[in-house]
Structure formats: structure tokens, C-alpha cells
Amino acid sequence: MPSNEKAPVKLSLPLEFQQDIFKELREEDELILIARGLGLLRIVTNLLHSYDAAGNNLILLVGADERENVWIGEALAEHAAISMSPKARGLSLVNTDIMSVGTREKMYAQGGIFSITSRILIVDFLSGLLDPATVTGVVVLHAERVVATSLEAFILRIYRQKNKAGFLKAFSDSPEPFTTGFSPLANMMKNLFLQKPSLYPRFHVTVAKSLEGRKKAEVIELEVPMTEGMKDIQNAVLECVTVSISELKKGNTGLDMDDWTVDSALHKNFDAIVRRQLDPVWHRTSFRTRQIVRDLSLLRTILHALLTYDAVNFNRYLDTVLAASQPPPGSTRMNQSPWLFLDAAHTIFDNAKRRVYTGKVTNADLNTNPNAVPDSLHPVLEEFPKWALLAEILEEIEQDAYFNPIVQDGSNGSILIMCGDQGTCRQLREYLQTMYVRQEGGNGEDEDSARIPSAAFMMRRKLRNYLAWKRDFSRVSTSLFAENQKAISGATNQRGAQGSNRGKPPPNKRRRVRGGANAASGPTRTASGSIHTAGDRDAHIASLMAELQPTELEAMQKVEIGSDPLDNMEDYYELYDMNEILIIHPYEGDMDEHVLEEVKPRYVIMYEPDAAFIRRIEVYRSSHTDRNVKVYFMYYSGSVEEQRYLSAVRREKDAFTKLIRERGNMALNLNSATLDTQESFLRTINTRIAGGGRLAATADPPRVVVDVREFRSSLPSLLHGRSIVVVPCMLTVGDYVLTPSICIERKSVSDLIGSFANGRLYNQVESMMEHYKSPMLLIEFDANKSFTLEPFADLNLSSNSGAASAAPDLQSKLVLLTLAFPRLRIIWSSSPYQTAEIFSELKKQQDEPDPVKAVNIGLEAGEDAEARTFSQVPQDMLRAVPGVTEKNLVRLTLEVGSIFELANMEEEEISKFVGKEAGRQIWRFFNRNVYDDY
């Protein structure tokens, strides 16, 4: 440690439990597992500042995301200014490949605190750019992500192998991942190379004492009843969820299904949990099961939308759900989701429409006179009950401020409204700005009724926008249907009459005649391919539009709430008065602590429940005894919102209880990251002496040259775990070079399908054939998924059956590839673990590869390897554009700066690079308009 470590350092940890954690961390390496909302980042920044102020340190921060980097950077600068630490350097970001190797080397030599992305750090460790022995310590955020195959675990293994003295601290505020699997906490500690876990749940004695011992915030709980329409829709969706789960259980009897309940289905990770359990047998699951797994995710989204979208937008969302679930135009397969055929589904769509407008027209009326405008149709525009309550709370706050003048304390008089997402923020802002606007402009109204808040103005505007969208939506659908119909008719003509006339009527006729019903009794397809339902006719829309014509007062309002032309800016430009400001903000995890510190609100309205934010207010109030805070906590009674909140709190408490129990009987982990020198030497001995060969032993460990882009996968980590030296390089040909003659191109199955589709794989194999004696294609599967190509069949088939039968499948393409390149060998691997084993076998009795030679292969004379690095995502997007081939792709990438630039170029400019025909195709693709095609 540096000699001036004892220099005075000012910290901002006012609460007792925060000080305890800090002292523990300074004394020993450990994992801190803390409940959400208790100020994890504040503890991290104070710890980093204590090392930063001492100077002469090189500290690496791993696992921080972009917003956390901003928070920590600002906090360290603030701490340095308050402590007046001359040696403090603050936080340096190393988060992009654009930063050159030389720049990074200089920065590391100077020391300081660096937040580095895992992929850059692992390459720098392996290439020797940063020596792990020179690192003072490593701080890991989001420790729950450090699984055995992750890059973070790889980094920590190398760090501990080369550096025994440096410190290692890990942090997490998510206890749930630590409770799944067999002895999960012990395994996580093994991955982190730590021995001591410290748990700080909300019910910890010190935490409870810190938050409840001082003056607590005043909390008013407001239970809001839902409207009848909302209750009916929620019950119907839950019924659909229940039926879907029971269908899943019925079709998959051999799995552990204790957690497959309606309560757990409300949790956002439920469909991921179900999918994870089904993955090993995914190829054996029926089409119906796969569809239900997708439906559960959709139904949960509908439940969330019911409580967050207003009535008009919710109805619009259901329109898109219905349109997306229709079978493809022209298809005779009825593959709609099973829940759509339940009575509950009818209740959902019917009630959603009734919340917006009412009126019923029979099919007979529509058939006799489709252009008649029904008089019974009129807008209902149901408002959220929370809106009126919010206006009431704001009025109460206003009266409170007027009758009880502000007491001088540390708070501003500002009001902070916290809600779930940006969409809800926009909705509330629009409501609060227009709730006193009246359609008639006040004519014939008394003063009292004019002051009653209402969302009528906002909802009328939303409904007008919805009806305009509905018209455009039908036009686009018609255009797309016509285009699909052409493709289908073309495919049918190719097949000829072989399958159409075999003495049977067409399948759709059979369905239409079944049960003796006439054609008009069931839903019928229109020219747009959509199914007509009463209430969606143009006549209905025309009638509503006529009724919704904007009044004079409505026309005077701003078109877009929040957009201001800033006329006469000089006259009105001033700073906001913090005592009169009202801020609407979405929940953003640890960033909310920043918002509370900046705004210092006297009133906080929680529009939606969030357990972590309640704790943040507790911490904020206990940290600042001079600031008074009054909290209004709103939730819909008997809703999934309330249920989700309660189950989240219970799940976290159960997770901590399990962890406390496991920690009590957990064995001490004494694993060492280093191999014994004698053992590492024995591993290099070649014992094969067949044919009179001598017993050979080399002091050098085996070596593999790996392309730097491959560090997104877990394979390099597993190779390193088998005592193979991993050399990261920028390779032009291949992904892994095992020996001077063996080069391997690694593909996951989804990547393989994409590479076949855009033709990239043929070019890659061709390059390997040219430069290496034994080129190989490695097809690697996921360890947790089935070792078969069947689950991926739907990835490489088109949606309509005509194209599907014409397109060769994946196996056929692989056969064609091997016919085209007879020397190519294909390796099938069930997981990255097996791949590492295969690589070890392939390297036996072979010479080691030369990294310099491997880098230069495929480059033109005098060309630099780093000059050929382009972002993969834009290249993949370009490959999908008509007219772009592998040959002209390189020219386009070198000549044009971005896809945006290409999209705005003229046809003549593009033709200069790729030729006239390809240039015309590319230009037409970017300048096409779907409306014009119709």
C-alpha cells in the first residue's frame, strides 16, 4: 500500500450500516450482497475515493454500465473537490475499441481508477499490454453476472494467478440469482475467488436501526379502485394465463413445474424460466407448446399495458396484437394462438373497445348498406382513476402550501412524481397540462365545474390520432397483402396444378361449409387479408371522426405537448423556481438516489409502486434529518400491479433467508487460481513414443491464436482453464489457429444460418482453404440446449409454405458446402466445454502456431491489421439490402462512412462504387414508399 494512505479523506456515509460496510471492505476482500435501494453505488464511490485520494494506485472497475460510470465519475470528482485531495485522479473510461493500444498503455502506466469493458480488459491482460501484477485491486459490480463461463470470471482468474497481493471486492444488489441451482452461493464465491460473503437485507439489525431509529418520512398509502372495464379485462387475461399454463403442464409432464403458477407468471422473467426448462427438450416440444410459451410473454405485456396505457392506446395495442396473430395472407393454416379462441379473449377485445367508444351494428346492416353511418356510435373515452386522484393530491398539496407556510428546512417546495417508464411520464405530463381545458371554452359552465380536472380534451385528441392511424394501418395492410399475394401466386404457379385438383374442394371452402353455415356467418377475409369485425368499418370511423372534430379551443392548444417554439424567448427566459417546480421522472434504479439529492423534494408522489424506491426515500430521509418528505403511495387495489409489488418484496426476502441459511453451513473455499509448477510441466510431456520416438517434454505450454472478436464467447476462457495460452490477435482468416496447418472458423447455429443466408461463410471457407492445409468449420451448440438442428428449423424457413418447400434446409446447405470444398472438415460440438476438449486433442503432437504469421495471412502487402476492423452490425445490415454482394460490400464499407450516408446518396453516386444494376437496386430499396406501391 502507498505510504500516504493515512491522509485524511472525507466520506459521505451518514448511516451506521454504510460505515460498517465501508470498514469491512477496507479490512478484507469480500462479496457485499445488499438489498435494492440501500445505496450500493454510494458505498462503491466512497470506497473508490478512499483509494483514489491515496494516489499511486491502479484500480480496475469491472461490470459498470454507462449510467453507473457517469454517476461514479461525477461522485469521485465531487469527493476530490470536497476532500481537496491533490493526488485524486477521478475515473477514466476505457470502453471502446477506437482507443488505440498506445493510448491505453500510457494510461495504465500513469495509474488511477479505470472503468473498462470486460472484452477490452481480457485482451489487454492476455496480450501483456496490462500486467495483472501491477494492478492494486479490482472492484466488480453486478457480481450476480459472474458465472463460470463469463468474461468477468476469466478476468478474475488471470488476475488471481498473476497477483496474490491485490485486493478484490465484489458488489451486488440482486440476491435472487444467488439462490438458483445447487449451492449457488458457494459456486459464485468460487467464480469470484472470494471467501467471505456479507449479506445486508432490509431486515438486517443495523440497517433497520439506521432507517427506523431517526425521524421517518411521512407515507400516505392510497388504494385506488379499478374501473369495471379494467377489472373485467384483467380477470380475462388472468384466465387466459391460467389456461395457457395448464396446457403447458398437460403437454410437458416430465418437467419440474412447481413454479409454473399464475403468481410467478406475473414476474418479468417467467417466460425465460419456462424456456430454460424446455430448452433441452425443445426439439421434442409440439408447435402448440412453443406457441404458448410466446403467448405467456404477450399476455404479461397486455396486463402491464392495461395499467399503463390509456384506454385509446390500449385499444390500439390490441389491434396490433390481433393483426400480428392472424395467419399469413393466403395461408390455409390456422395457427392462431390458442388463447384467442377462449371466451376470455372476446371479453378482452370487447371491453377494450367499449372503454373507447360504444355502439353496435349487426352484420346484416353492414351487408345491406356498408356506407350507412350508424347514429348509435359515440365516444366513451374512459379515464384512469389514478388521474383524478393525482389531480386531487396536487390540489391538496397546493392548499397545504397556502394554509401552512413553508417551514425553513433543507427541502425545496418541489413535487416529484415517480412512475414506471417514459411513456407514463409523457402521459401524465400531457394530462396535467390539459386537465382544465374544456371543449366548449367555458360557455354555459359555472366556476366550480370548470375547476374539476378532466382528461376529456387529451382523450379526444388521442382518439383522433388513433382513427387516423387506423386508416393508415389498413392501407399498409392492403399493400402488404397484395405484395404477399403476388409472391404466393408465383409460388403456386411453379408448383402447377399437381396438388390443387385432386377431386377435393379447397381447404377454405371445406371450413366455410362445415356445420351448414353460410359464408356471411363467420369472419370473412377482406382484400387486405384482415378479418372484418363489426365496429371497424369505414362508416364507423367516419361517424366517430365527425363527432371528434376539434373545437375552436382545442385547435388553439399546442399540437404536441412539450414542444415549444420559444417565441419571444428573451422576454420569458428565466430559471425555474425550485419551490414551484413539478418533476415527473421514471424509476431508474440507483439513478433515483441522484434525483432525490438534486431535487430535494418536499412531496413525492409514487404513481406506481416500487419497493426499491421506498427504501431510497428511507435512506434519503435518514441521511438528511433537516429535510421533511411527505410521500403519497398509489396503487390499484386487487390489481396485478399490487400483486407484483408484494411478490417482488416476498421473493427478495425469501432469497436473503436462503442465502443466510447457506452461508451458515457453507464450506470455506480455499481454491487457488494457479497450477503447481511441477504439474504444469508434466502436462506438457508427450508420452507417445510409438515407432521408437523419444520421450519429449517442452517447458512451453500449448498455445492458441484467437481472434479478438471471439472474446464475446466463453470458449477462450475455457481454453485458458485447460492451461492453454490464449494469444489475442486481429485475424483476417479464421477465428482460431491451433497449429501452423489447422485453422478453425467457429459458428453458433444461429450465426451459421445467417452466414449461409448472406454468403459470408463461402468466402470465409475459401480464404481458409487458400492459406491453411487443414481448414475446419466448428458448429457449436449451447450447453443448455438440445444437441440437434431441429429447434432451428424455423429460423431458416420462410413464413409461407411455398417458399419453405423451395428453400433448401440447413443440412442440404452443409452438404453443398462440403461438396464445394472437399478439404473442409466439420466439427460438431455440443457445448463450449466439449470444444475446449476437442481443441486439446487436435493440438497433441503438433507444432505451436506463430501469432505474427497468423495475423499477416489474408492481408495485402503493407496493409495494417487494425485498418480492416469494421463494425459487424452495419455490415450484416448491408448484406440484407438487395443489390449488395460480398464483392461490392467491401468497396461500400471502405468508400461510404455509414448506412445513413448510403441511404441519402443519389443513384449515380452509388453506381460509381457498385455498378449501375446493383446501384439501382440499392437506391430503390432505400427510397421505396409502401403507400405509393398501393
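Up top is the structure these notes are about.
An account of the accompanying structure is given in this report.

Parameters and conventions
Residues numbered from 1 in each chain as written. Predicted model: local features only at pLDDT ≥ 70, side-chain atom pairs only at ≥ 80, totals over all residues. Heavy atoms only, no water. Helix = DSSP H or I, 4+ residues; strand = E, 2+ residues; numbered from the N terminus. Buried < 20%, exposed > 50% of the residue type's maximum accessible area, 1.4 Å probe, protein only. Contact = heavy atoms within 4.5 Å. Areas by Shrake-Rupley, 256 points an atom, 1.4 Å probe, with all protein chains shown as cover. Pairing = 2+ DSSP bridges. Right-handed = clockwise from strand over helix to strand, strands pointing away. Axes fitted to C-alpha atoms, helices over the stretch in contact; angles between N-to-C directions. Parallel < 35°, antiparallel > 145°, perpendicular 65-115°, else oblique. Nonpolar A, V, L, I, M, F, W, Y, C, P; charged D, E, K, R; others polar. Disulfide = S-S within 2.5 Å. Patch = residues over 30% accessible without salt bridge, like charges linked within 9 Å, V, L, I, M, F, W, Y side chains within 5 Å. Salt bridge = Lys/Arg side-chain N within 4 Å of Asp/Glu carboxyl O.

As a further point, take the overall build of the protein. Helix and strand counts for the protein stand at 40 helices and 22 strands. A buried classification covers 46% of the 934 residues belonging to the protein. Pairs at least 24 residues apart make up 75% of the contacts formed inside the protein by residues separated by at least 6 positions. Of the roughly 48,100 Å² that the protein leaves accessible, carbon and sulfur atoms contribute 52%.

What follows concerns the pairing of strand β17 (residues 703-707). A regular strand places its side chains so that they alternate between the two faces of the sheet. The buried fraction of β17 amounts to four of the five residues, a majority that puts the element mostly inside the structure. Alignment of β17 against strand β18 (residues 725-729), held across five bridges, turns out to be parallel. When the bridges of β18 are listed, V704 appears paired with V726. Crossover handedness for the path β17 to helix α28 (residues 715-721) to β18: right-handed. Across two bridges, β17 lies against strand β19 (residues 736-737) in antiparallel orientation. Counted as the bridge partner of V705 is V737 from β19.

Moving on, we come to the packing of helix α3 (residues 66-83) against helix α24 (residues 591-599). Each packed pair of helices is defined by two parameters, the angle between the axes and the distance between the axes. α24 packs onto α3 with a crossing angle of 45 degrees between their chain directions and a minimal axis gap of 10 Å. In terms of their interaxial angle, α3 and α24 are classed as oblique. Along the contact surface, α3 presents R67, E68, W71 and E74, while α24 presents M591, E593 and H594. Here the contact of α3 with α24 is composed, by residue class, of two nonpolar, one polar and four charged.

Turning our eyes to something else, we now look at the sheet that holds strand β20 (residues 742-748). In spatial order, the strands read β18-β17-β19-β20-β21-β22; together these six strands make up an open sheet with mixed pairing. Each edge of the open sheet is held by one strand with a lone partner, namely β18 and β22 (825-829). In the sheet, strand β21 (residues 774-780) pairs with β22 via five bridges, with the strands oriented parallel. The residue of β22 that forms the bridge with I779 is W828. Lying on the sheet, helix α29 (residues 749-758) is in contact with β20 and β21; it crosses β20 at an angle near 100 degrees. Each of β17, β19, β20, β21 and β22 is contacted by helix α33 (residues 832-843), which is oriented at about 140 degrees to β22, the strand it contacts most.

With six of seven residues buried, β20 lies mostly within the body of the structure. Taken together, the two bridges between β19 and β20 define a ladder with antiparallel strand orientation. In the strand pairing of β20, V737 is matched with C743. Note that β20 and β21 share seven bridges and pair parallel. Opposite I744, over in β21, you have M776 as the bridge partner.

What follows concerns the state of the cysteines. Enumeration according to the criterion identifies zero disulfides in this entry. Free cysteine: C419, not disulfide-bonded; nearest cysteine sulfur from C425 at 3.3 Å. Among the residues examined, C419 registers a relative accessible area of 0% and is labelled buried.

Moving on: the environment of R276. By the element assignment, R276 lies in helix α11 (residues 270-278). The exposed category is assigned to R276, whose relative accessible area is 54%. Each C-alpha atom, one on R276 and one on N784, is 7.8 Å from the other, the two residues being 508 residues apart in sequence.

As a further point, take unusual backbone geometry. Even without a glycine there, the phi angle at H142 is positive, about 55 degrees. You will see that F193, though not glycine, has its phi angle at about 55 degrees, which is positive. Within the secondary structure, F193 sits in the loop between α7 (184-192) and β7 (197-200).

This brings us to the side chain of N69. Here N69 lies in helix α3. Those residues in contact with N69 that lie beyond four places of it in its chain are L61, A64, L91, L93 and S115.

Among the surface-exposed residues, V815, L816 and L819 lie close enough to one another that they form a single nonpolar patch of about 300 Å² accessible area. By secondary structure assignment, the location of L816 is in helix α32 (residues 810-820).

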